[in-house]
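Report on the structure
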Amino acid sequence: MKNEDLLKQATTKTKGELLKRNRIYDGIYNQMISYQWAYLGGLPFKMMVRKKRPSEDSTLYQDLISDTVAQPICRYIVDTINDVLFEPGIKRNMQFCTPEGTAIDPRNNEWADLFLLDSDLNNRSLTSFMESLGDLTSIFGHCWVAVDLPQQDQGNLGRPYVCAINPLDVWDWEFDYYGGRPMLKYVKIKEMEEVDSFYVKCYHLGDATTPSYWESYEVDKGPEKLNDPAKLIGSGTFPLGMSIPVFIAYGRRDPRTIDLGISDIDVATDAQREHYKLECEKYTALQFAHTLIRAEPGIKIPVHAGSIVRASEGQVEAIPIDTGDVDKIIKSQQDILEQIEALTGLGGLRNTKNQIASGIAIIEERKQLHRLAKAKARLMEVTEELILTYAARFIDR
């Protein structure tokens, strides 16, 4: 397909079509945002969990948010799983062949050596890239991966590169089936966002006579002029016979659908949220847990500790504040941590209390973590094979 034909077809896309999201995307958006904020932690997570009440003083609320600590439970789980996954190292034995099955001389694969050293053109090796991919798939359950070759006018480096895409940036997609095999037919990705516009890239699947192609648009924000054509800023084609070089990488497969994965922090997100709510309650209880003093009129009570109060017996009375709820809150927080550690198999890594445990019990507890890491390792192998397959296809264009 010529670029003129692409331009003619692209002008039929309107602003409303490009801003439209997939119904699955709309359904999972809030959950994905909660995963992301729970992993990142910090101020956005704390403000999401503990919202300001209408009658609450603004200064007290700001003090509460800034002075409390949100324990990084989700980040701890993600980092631990991927530490176990990548700790043994990655061994690769790459062998390429022609479409007819003829082996290619390894001396002609210099591009592959460069690709292993710098896979995303940001000086990250393929191993480092896969580690970041492991983090994304643990957080969201899946992410998207794109492989591409820079165009001649963009300074073609003679080799392809790969990039990982946050699921929140993939707005729409559609699968088709060929001989029972799912094939990505269409995908729409938000590449960049500015104050007043989005930059959106659409990929379309070709056929035996028409190559797969892509189009880039600049789309203004806002609900106005949804039926007006969007501004096309770029287009191009892929080698004839190549499918769309974009695919889903899974951390854990969802048995119900191919569109999503299962997050490693699904339960931990709720636990971290509840843990921080209890932390806010504990902070508030301790903040106002100062002893009350009741004194008769005319009795001066200094505010400094160790000061002398001149009064007769019975003129001054100290009323202690019950802080028994704080102990219950701390116990609830400890229970949350222990339950999460037991569910994820992380209890053997960090003991919150001294207890007697047999070696068999510790091994069995760790088995769950290693079983999860092995299952994820198999999916990471599939992802890496697809990355190298698309990269080799670009070289053999």
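Our subject in this report is the structure included herewith. Note that this is a predicted model, so its numbers are computed, not measured.

Digging into unusual backbone geometry
- The backbone of N123 sits at a positive phi, close to 65 degrees, despite the residue not being glycine.
- Within the secondary structure layout, N123 lies in the loop between helix 7 (110–117) and helix 8 (126–140).
- We note that K225 has phi near 55 degrees; this positive angle belongs to a residue other than glycine.
- Structurally, the position occupied by K225 is in the loop between strand 6 (213–220) and strand 7 (231–237).

Some words on the nonpolar core
- Counting 90 residues, the largest nonpolar core has W144, V187, V246, I265 and I387 as its most contacted members.
- In contact with I265, other than residues within four places in its own chain, are Y35, Y39, C74, I77, V78, S138 and I139.

A look at empty space enclosed by the protein
- Considering all chains together, one arrives at 1 cavity of 30 Å³ or more under this definition.
- Of the voids in this model, the largest cavity is the one considered here, and its volume is about 50 Å³.
- Lining the largest cavity, in full, are Y25, I28, H142, W144, P167, W173, D259 and L260.
- Sorting the residues of the lining of the largest cavity by element identifies helix 3 (23–40) and strand 1 (142–148) as the ones contributing at least two each.

Quick notes on the sheet that holds strand 1
- Pairing is antiparallel across the open sheet formed by 3 strands, whose spatial order is 2-1-8. Edge strands, defined here as strands with exactly one partner in the open sheet, are strand 2 (161–165) and strand 8 (246–250). When strand polarity is set aside, the average angle formed by the axes of neighbouring strands in this sheet is 30 degrees.
- Across 5 bridges, the pairing between strand 1 and strand 2 is antiparallel.

Digging into helix 5 (residues 58–67)
- Of all the residues in helix 5, the buried ones are Y61, L64 and I65. Projection of helix 5 onto a plane perpendicular to its axis shows the buried side chains occupying an angular sector of 95 degrees, all on one side. In helix 5, the exposed positions that point more than 90 degrees away from the buried face belong to T59 and S66.
- Among the structural elements, helix 4 (42–49) and helix 9 (266–287) are those in contact with the buried residues of helix 5.
- Where helix 5 begins, one side-chain oxygen reaches toward the backbone nitrogen of T59, 3.0 Å away; that side chain belongs to D57.

Conventions adopted
- Residues numbered from 1 in each chain as written.
- Predicted model: local features only at pLDDT ≥ 70, side-chain atom pairs only at ≥ 80, totals over all residues.
- Heavy atoms only, no water.
- Helix = DSSP H or I, 4+ residues; strand = E, 2+ residues; numbered from the N terminus.
- Core = buried A, V, L, I, M, F, W, Y, C linked by side-chain atoms within 4.5 Å.
- Buried < 20%, exposed > 50% of the residue type's maximum accessible area, 1.4 Å probe, protein only.
- Contact = heavy atoms within 4.5 Å.
- 1 Å grid on protein atoms, 1.4 Å probe; cavity = no way out; pocket = protein on both sides within 12 Å on 5 of 7 lines; lining within 4 Å.
- Points joined across faces, edges and corners; volume = space filled by probe spheres on them.
- Pairing = 2+ DSSP bridges.
- Axes fitted to C-alpha atoms, helices over the stretch in contact; angles between N-to-C directions.
- Arc of directions from axis to C-beta.
- Polar contact = N/O pair within 3.5 Å; in protein donor to acceptor, adjacent residues only side chain to side chain.

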